[in-house]
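Next come the chains, spelled out residue by residue.
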Amino acid sequence: MVVLYQKQARMSSIINKTHEQIRSDFPILRRQINGFPLAYLDNAATTQKPHAVIDAVSHIYAHSYANIHRGMHTMAHEASELYESTKKRLLSFVNAKDNYSVVFTKNMTESSNLVAFSYLSTQKQPQRTIILTSGQEHHSNFLPWLRQSKAKGFAVELIPTLPNGDLDINFYRQFVSFNSDKIALIALSTASNVFGILQPIEDFASIATEHNIPLFVDGAQTIGHVPTNLEQVNPAFFAASAHKMYAPAGVGMLFIRKDLLQTMEPYILGGGTVSSVTETDYVPKDSEERFVGGTPNIEGIAGLNAAIAYLEDIGMEAVVDHEQMLVTHFQERAREFSYLRFLGDIFHKNHLGLFSFASKLHPHDIADFLDQKGIAVRAGAHCAHPLHNLAGETSSVRASFGIYTTREEIDRLFESIRDIHKQFGIT
Ligand SMILES: Cc1ncc(COP(=O)(O)O)c(C=O)c1O
């Protein structure tokens, strides 16, 4: 699904724009925080928005705002067209060809809950009692399955994590072949939001396909950072959030393989989901719109359309090149800090621009100190309690990069980490 280019083989090069141009596309990067230029290193939580996205949202409000699929007037047609063309653009962005439908949800979290309800809770094969996932998933790719285990008696089984942060594919292979007729769903992410290590999801997927088991892929941490290739992986479901790919919040996406569409119950019933209703019954739409109950986030979808165009203009290969240059720089600088405990193998060959660490200081104190220097990071358990338990930490500090991140910002991060530890006599 995702290709990480050989780090040494390619230099960081943004093809259509210089890196300065990219930075100037993001007005928020001109902000000063506590007297320092903002260094935004919290991109795994959410990304900032370029002018192109901000303008697309304000354009629709100023020129062409109407509800979709509900009116006959000009602006209703324009809004519907934008909505449908965004679906097409998104399908092409993830190389989904025409065997997928895309449903706009609120976020990745709503997408996984939709699958738990619409697919799992109504599945008609009672012998399939196992949900196979891992302990390194974000709560959004874990709690919906746990709830199904409580409500419907599914057993949630976990693929072990190896010391370097990889999922144990040998365990997985054996478990799946031994239990192939008992597994209802496999749910895995392309990369954990704590380890930042890309998993070989295509290998996990081909084993699932071989045994005809549906795979739900959480692509939240990779969609804006590495190319996604659904044709190659062919999962039953793929979910992500627009706000992690430089688009507005409030728009999620769920790609559903078309052969599964008709087997699934509508999720939120109401306007837009049905083809007919009588006083006593209703018929859901055949199309994916059966899952879009009520008015969707039309302006957010306009912003998503612009964000995809923006990323395509830069080119996802160039995004990878730039972020891998930052990863190498971060890894080199991190060698100087023996008192930092990194979660997962920081030198893993498939590391993304996302690193979590702990030390003798509380992560909140570190994050607070960094904020005083204008550096935004995340501190806490990052909605991944089982993974922190696994790593033997209660919480951590997470620094995560985006297309606008610079080496200098990483240097500032490390200098500030050094300063705060020095204040407490840790060197
Ligand atoms: C790996 C992963 N999955 C799911 C989510 C949930 O995304 P959202 O909050 O947009 O629903 C996140 C959010 O950080 C994430 O990192």
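A short tour of the structure in this document, coming up. All values derive from a computational prediction rather than experimental measurement.

### Here's the deal with the overall build of the chain
A count of helical and extended segments in the chain gives 14 helices and 17 strands. Taken over C-alpha atoms, the radius of gyration comes to 22 Å for the chain, in line with the 22 Å a tight globule of 427 residues would show. Considered along the principal axes of its C-alpha atoms, the chain spans approximately 75 × 55 × 40 Å. Burial status across the chain gives 45% buried among its 427 residues.

### Here we look at the sheet that holds strand S4 (residues 100-105)
Read from one edge of the open sheet, seven strands run S4-S10-S9-S8-S7-S5-S6, paired in mixed fashion. The open sheet is flanked by S4 and strand S6 (155-159), the only strands paired with a single partner. With strand direction ignored, the average angle separating the axes of adjacent strands in the sheet is 20°.

### A short note on the sheet that holds strand S17 (residues 396-400)
The four strands lie next to each other as S13-S14-S17-S16, forming an open sheet whose pairing is antiparallel. Since the sheet does not close on itself, it has two edges, and those belong to strand S13 (341-342) and strand S16 (378-380), each with one partner. Where S16 and S17 come together, three bridges link them in antiparallel fashion. Bridged to Arg-378 within S17 is Arg-398.

### Quick look at the pairing of strand S7 (residues 183-189)
Taken across its seven residues, S7 has seven buried, putting it largely inside the fold. Sheet topology places strand S5 (residues 130-134) next to S7; three bridges connect them, and they run parallel. Bridged to Ile-131 within S7 is Leu-185. Viewed along the sheet, the connection from S7 through helix H7 (residues 201-210) into strand S8 (residues 215-218) turns out right-handed.

Conventions we followed
- Residues numbered from 1 in each chain as written.
- Predicted model: local features only at pLDDT ≥ 70, side-chain atom pairs only at ≥ 80, totals over all residues.
- Helix = DSSP H or I, 4+ residues; strand = E, 2+ residues; numbered from the N terminus.
- Rg over C-alpha atoms; globule rule 2.2 N^0.38 Å.
- Buried ≥ 20, exposed ≤ 12 C-beta atoms within 10 Å, placed from the backbone.
- Pairing = 2+ DSSP bridges.
- Axes fitted to C-alpha atoms, helices over the stretch in contact; angles between N-to-C directions.
- Right-handed = clockwise from strand over helix to strand, strands pointing away.

Don't take any of this as a statement about function, it's just geometry.
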